[in-house]
Amino acid sequence: MKAPVARVAPAETSLHVVKTEAVELRPAPEPVPMEPPPAEGELSEAEARRVDFAWSAAMVGSLALVFALLSVFGGVAVPVLLALAMAYVLNPLVTAMERRGLNRTLGTSVVFTGSLLLLIGAVLYLIPVFREEAVKLPDFFRRASERVVPQVESLLGRPLPDLLRQRMTELGAQASEILQSAGPTAARLVASFAGNTARVVATLLGLLVVPVLGFFFLQDYPQLVGMVKGLMPRRAVGLVSRRFSEVDDVLSAFVRGQITVGAILSVLYGTGLWFARIDLAIVIGVIAGFGNMVPYLGTGLGVVLAGLGLMLSWQGPWQLAAVAGTFLVGQMAEGLFITPKVVGDKVGLSSVAVIIAILAFGELFGFTGILLAVPTTAILKVVLSVVVERYKRTGLYTGEQPAP
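Residues numbered from 1 in each chain as written. Predicted model: local features only at pLDDT ≥ 70, side-chain atom pairs only at ≥ 80, totals over all residues. Heavy atoms only, no water.

Talk me through helix 9 (residues 281–290); I want residue IDs and the actual numbers.
For helix 9, the set of buried residues is A281, I284, G285, A288 and G289. End-on, the buried residues of helix 9 take up no more than an arc of 125°, which puts them together on one face. (Buried < 20%, exposed > 50% of the residue type's maximum accessible area, 1.4 Å probe, protein only. Helix = DSSP H or I, 4+ residues; strand = E, 2+ residues; numbered from the N terminus. Arc of directions from axis to C-beta.)

Which residues make up the environment of G238, and what are the values?
Structurally, the position occupied by G238 is in helix 8 (residues 237–275). When the C-alpha atoms of G238 and E42 are compared, they prove to be 8.3 Å apart, with 196 residues separating the residues in sequence.

An account of the packing of helix 8 against helix 11 (residues 317–342) is requested, with residue identities and associated values reported.
For the pair helix 8 and helix 11, interaxial distance at closest approach is 9 Å and the crossing angle is 160°. Judged on the interaxial angle alone, helix 11 and helix 8 are roughly antiparallel. As for the relative orientation of helix 8 and helix 11, their crossing is right-handed in sense. For the pair helix 8 and helix 11, contact is made by G257, T260, V261, I264, L265, L268, Y269, G272, L273 and F275 and by W318, V323, T326, F327, G330, Q331, A333, E334, I338, T339 and V342, respectively. For the contact of helix 8 with helix 11, the class distribution of residues is 13 nonpolar, 7 polar and 1 charged. (Axes fitted to C-alpha atoms, helices over the stretch in contact; angles between N-to-C directions. Parallel < 35°, antiparallel > 145°, perpendicular 65-115°, else oblique. Left-handed = near helix turned anticlockwise from the far one by under 90°. Contact = heavy atoms within 4.5 Å. Nonpolar A, V, L, I, M, F, W, Y, C, P; charged D, E, K, R; others polar.)

Go over unusual backbone geometry, please, and point to the residues and values.
The phi torsion at R277 lies on the positive side, around 60°, for a residue other than glycine. Secondary-structure assignment places R277 in the loop between helix 8 and helix 9.

For the pattern of salt bridges, give the residues involved together with the corresponding values.
Where charged atoms from two side chains of opposite charge come close, those side chains can pair. Inspection of every chain in the model, using the stated rule, returns 10 salt bridges. Where R104 meets E98, a salt bridge forms, and the shortest distance between an N and an O atom there is 3.2 Å. Assessed through its relative accessible area of 35%, E98 is described here as partly exposed. The residue E389 makes a salt bridge to R243 at a minimum N-O spacing of 3.7 Å. Remark: R243 occurs in helix 8 and E389 occurs in helix 12 (residues 351–391); sequence separation between them is 146 residues. On the basis of relative accessible area, R243 is assigned to the buried category, the value being 3%. Put simply, E45, R49, D52, R243, E246, E389, R390 and R393 are held in one network by salt bridges that share partners. (Salt bridge = Lys/Arg side-chain N within 4 Å of Asp/Glu carboxyl O.)

An account of the packing of helix 10 (residues 297–312) against helix 11 is needed here, citing residue identities and associated values.
Relative to each other, helix 10 and helix 11 sit at 170°, their axes nearing to 11 Å. Here helix 10 is positioned roughly antiparallel relative to helix 11, judged by the angle of their axes. Across from T299, G302, V303, A306 and L310 in helix 10, the residues of helix 11 making contact are Q319, L320, V323, F327 and Q331. Grouping the constituent residues of the contact of helix 10 with helix 11 by class yields 6 nonpolar, 4 polar and no charged.

Provide a residue-level description of the side chain of N91, including the pertinent values.
In this fold, N91 is placed in helix 2 (residues 74–99). With a relative accessible area of 12%, N91 lands in the buried category. Aside from chain neighbours lying at most four places away, what touches N91 is R104, L218 and Y221.

Dropping the structure here:
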């Protein structure tokens, strides 16, 4: 017998239809405008003002400390500052190599060794050239005293006063005698200086310490910058870093830019004057090129010296055209192409400000002040712009009453 098979009735499925009532759609109310919450680390106007004023005071104090150290501990401060300047100038090259995957230490070694070799090669090349030019100086001034006066008289069409003729002749003779005795005098000065053993040792140590310190500063440059950033208040890091970036733009434009511009102009002027067959063309070109750091000084000295050399080696009107074309092309190239491309408008100092700064710092701090006058003035210009910017946002300037 077959076992009975139990049959299971299929489960009944029922669909429940849910009726939805129509919902009236109303426009959502407009949100009340609210100021966005400040981002993490963002400063209010009052906080940013305090940070900027504190940063400005710190920069002015740091500059004062640098000049104080130079005045009191010049033997120690000068090598350290030179090493820091060397690291600052060469750091972009090392950073570029580091971005290409080269180790920082190896990149520092390559850049440092290449720079030293380039400097040594330039010195070994230029010493004979300048020595050859220096030998011509006594005869240059002697011929100047004998030939310039007659040529000036021929140009003016009238004789110069006897007193002026006599003074120019005496000046030329005295300059020739001074230059002829400059070699023995320098030898005596070196001998007397070498007699002081302590001074010689200190000078040699200072010269040897500069490249050593420069190498380590260049190698540890990111760590030094990171250490300075690590000491800043966390909420003020962004603003203070931006201020230091502005200072870096100014200093890089001056230090790297002006040196590059001076070198390019020296080559242009020296080549043009050599083509014009002017005596001491290389010396005049270097003076005119690097003297361009002081507005109008380099060009003025170059034109005067080139004019004097033109009178001494006159060979025809083509020389006058060559000299005029040299300085004209140099000035046009410097104003239209070289300075805008290399320096730009980051320094932003007027010619009058540069001249006054050089005179003032030279009077106060001597030759060191002259070297540091323009960079210091550029930094102070950034500080002043920051202070003025914050002042113009205060109620004292706008006349607005602070919110209660």
